[in-house]
Amino acid sequence: LDLDDLTKKTLSQNPELKIELLSLDTAKLKLSLSKSETISNPVIGIIQKQESQEKTSGVNLGLSIPLWYRKQGEIQESKTELEKINSKIDYLKKEMELKIFNAFIETELAEKQVILLKNTVKEANELLRVVSSQYKEGKSDFLSYLEHLVTLKNTKANYYESVFNYNQKIALIEKIINEELK
């Protein structure tokens, strides 16, 4: 597992973040539209008039210039919406990075615990084998043999619990990155 790869996958595949990025594009278009509406469109027209025998033709040019209402409210609203979406995207990115970082650290710790307990199970098996042979030879009593047997069973139970915990952490990472790990 590599934290950088997991973070990249998380940020690229998170559906909530994708939705916000699409909202950002929409807000940018809305801002652009609001700004473009303040610039007036020129009007060009052709005039043709025919009265009895006289034919008149001409061109009509027009340009309206807004002096006091220039859609500043809509532009400011669009800018505010854009800033709001940018803030939400930043928040979501930080939240996803934190989630994957925590899950990654927990998974590494769970993996180390699995390795440690696996070695402990091997040692407990070896110790039980030694105590078993001592019991058969009469060098150890039955209670000592039972104590070591119970210790082995508890160690194995702890090992299986740590494997379960590790698998849960892997499943959490898969849920966060929205993809199954190989």
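Details of the structure are given in the entry above.
Because the structure is a prediction, the values reported are computed rather than measured. All chains use their own residue numbering, which begins from 1 and follows the written sequence. Side-chain atom pairs in this predicted model are given and counted only at pLDDT of 80 or more, local residue features only at pLDDT of at least 70, and totals for whole chains, interfaces and linings cover all residues. With hydrogens and water excluded, all non-hydrogen atoms of the structure serve as input to the side-chain values.

Student: Just checking my understanding: could you explain the overall build of the protein for this structure?
Tutor: Scanning the protein for helices and strands turns up four helices and two strands. Think of it this way: any DSSP run of H or I at least four residues long counts as a helix, any run of E at least two long counts as a strand, and we number them from the N terminus. Each helix (α) and strand (β) of the protein, taken in turn from the N terminus, gives the series α-α-β-β-α-α. Note that the radius of gyration is over C-alpha atoms, with the globule rule given as 2.2 Å times the number of residues to the power 0.38. Computed over the C-alpha atoms, the radius of gyration of the protein is 37 Å, more than 25% above the 16 Å expected from 2.2 N^0.38 for a compact globule of 182 residues. Expressed along its principal axes, the backbone C-alpha trace of the protein runs to roughly 140 × 35 × 20 Å. By the convention used here, residues are in contact when the closest approach between their heavy atoms is within 4.5 Å. Nonlocal contacts in the protein, meaning residues at least 24 apart in sequence, comprise 72% of its contacts between residues at least 6 apart. Values of accessible area rely on a 1.4 Å probe in the Shrake-Rupley scheme; residue burial ignores everything except the protein chains shown. Element-wise, carbon and sulfur atoms account for 55% of the exposed surface of the protein, whose accessible area totals about 13700 Å².

Student: Explain a nonpolar patch on the surface to me, please; I cannot follow it from the model alone.
Tutor: Within the patch definition used here, like charges are joined within 9 Å and nonpolar side chains (Val, Leu, Ile, Met, Phe, Trp, Tyr) within 5 Å, considering only residues with over 30% relative accessible area and no salt bridge. The rule for a salt bridge is simple: a side-chain nitrogen of Lys or Arg has to be within 4 Å of a carboxyl oxygen of Asp or Glu. Together, Leu98, Phe101, Ile105 and Leu109 give the surface a local cluster of nonpolar side chains, amounting to about 360 Å² of exposed area. Assignment of secondary structure puts Leu98 in helix α3 (residues 72–137).

Student: Would you mind going over unusual backbone geometry with me for this structure?
Tutor: Outside of glycine, negative phi angles account for most residues, and trans bonds account for most peptide bonds. Positioned with a positive phi, Asn178 is a non-glycine residue whose angle comes to about 65 degrees. Any residue under 20% of the maximum accessible area for its type is buried, any over 50% is exposed, and the rest in between are partly exposed; the area is computed with a 1.4 Å probe on protein chains only. Under the relative-accessibility criterion, Asn178 is labelled partly exposed at 49%.

Student: Teacher, can you tell me more about the pairing of strand β2 (residues 54–62) here?
Tutor: A small share of β2 lies buried, amounting to zero of its nine residues. The rule for pairing is simple: two strands pair if DSSP sees at least two bridges between them. Taken together, strand β1 (residues 43–51) and the strand that follows it, β2, pair antiparallel across an intervening segment of two residues, in which Ser52 is found at a positive phi of about 40 degrees.

Student: Help me out: how do you make sense of the environment of Thr26 in this one?
Tutor: Within the fold, Thr26 resides in helix α2 (residues 15–36). For Thr26 and Leu82, which are 56 residues apart along the polypeptide, the C-alpha to C-alpha distance reads 9.0 Å.

Student: How should helix α1 (residues 3–13) be read in this particular structure?
Tutor: Given 3.6 residues per helical turn, the α-helix brings residues three or four places apart onto the same face. If you check which residues of α1 are buried, you get Leu6, Thr7 and Thr10. The arc that holds every buried residue of α1, seen down its axis, measures 100 degrees, which confines them to one face. α1 presents Asp4 and Lys8 as exposed residues on the side facing more than 90 degrees away from its buried surface. Of the surrounding secondary structure, the elements contacted by the buried residues of α1 are α3 and α4 (142–177). Arc, as used here, means the arc of the directions from the helix axis to the C-beta atoms.

Student: I would appreciate a short explanation of the pattern of salt bridges in the present structure.
Tutor: Two side chains of opposite charge can pair, provided their charged atoms sit close to one another. The tally for this structure, following the rule as stated, stands at five salt bridges. A salt bridge links Glu179 to Lys9; its shortest N-O distance comes to 3.0 Å. Separated by 170 residues along the polypeptide, Glu179 in the segment after α4 and Lys9 in helix α1 bring together distant segments of the chain. For Glu179, a relative accessible area of 23% translates into the label partly exposed. Overall, the relative accessible area of 28% leaves Lys9 in the partly exposed class. Residue Glu20 pairs with Lys88 through a salt bridge whose shortest N-O separation is 3.4 Å. Of this pair, Glu20 sits in helix α2 while Lys88 sits in helix α3, and the two are 68 residues apart along the sequence. The exposure class of Glu20 is buried, given its relative accessible area of 10%.

Student: Help me understand the packing of α2 against α3 in this model?
Tutor: Helix-helix packing is characterised by the crossing angle of the two axes and by the distance between the axes. Helix axes use the C-alpha atoms of the stretch in contact, all axes being lines fitted to C-alpha atoms, and the angles between their N-to-C directions lie in the range 0 to 180 degrees. Following both chains from N to C, one finds α2 and α3 inclined at 160 degrees, their axes separated by 9 Å at the closest point. In this view, α2 runs roughly antiparallel relative to α3, as classed from their interaxial angle. In terms of crossing hand, the pair formed by α2 and α3 is left-handed. Under the scheme applied here, ten amino acids are nonpolar (Ala, Val, Leu, Ile, Met, Phe, Trp, Tyr, Cys and Pro), four are charged (Asp, Glu, Lys and Arg), and all others, including Gly, are polar. Residues of the contact of α2 with α3, tallied by class, amount to ten nonpolar, four polar and eleven charged. Should an angle fall under 35 degrees it is taken as roughly parallel, and over 145 as roughly antiparallel, whereas 65 to 115 is taken as roughly perpendicular and any remaining angle as oblique. Handedness of a crossing is defined here by the sense of rotation of the near helix relative to the far one, left-handed for an anticlockwise turn of less than a right angle and right-handed for a clockwise turn.

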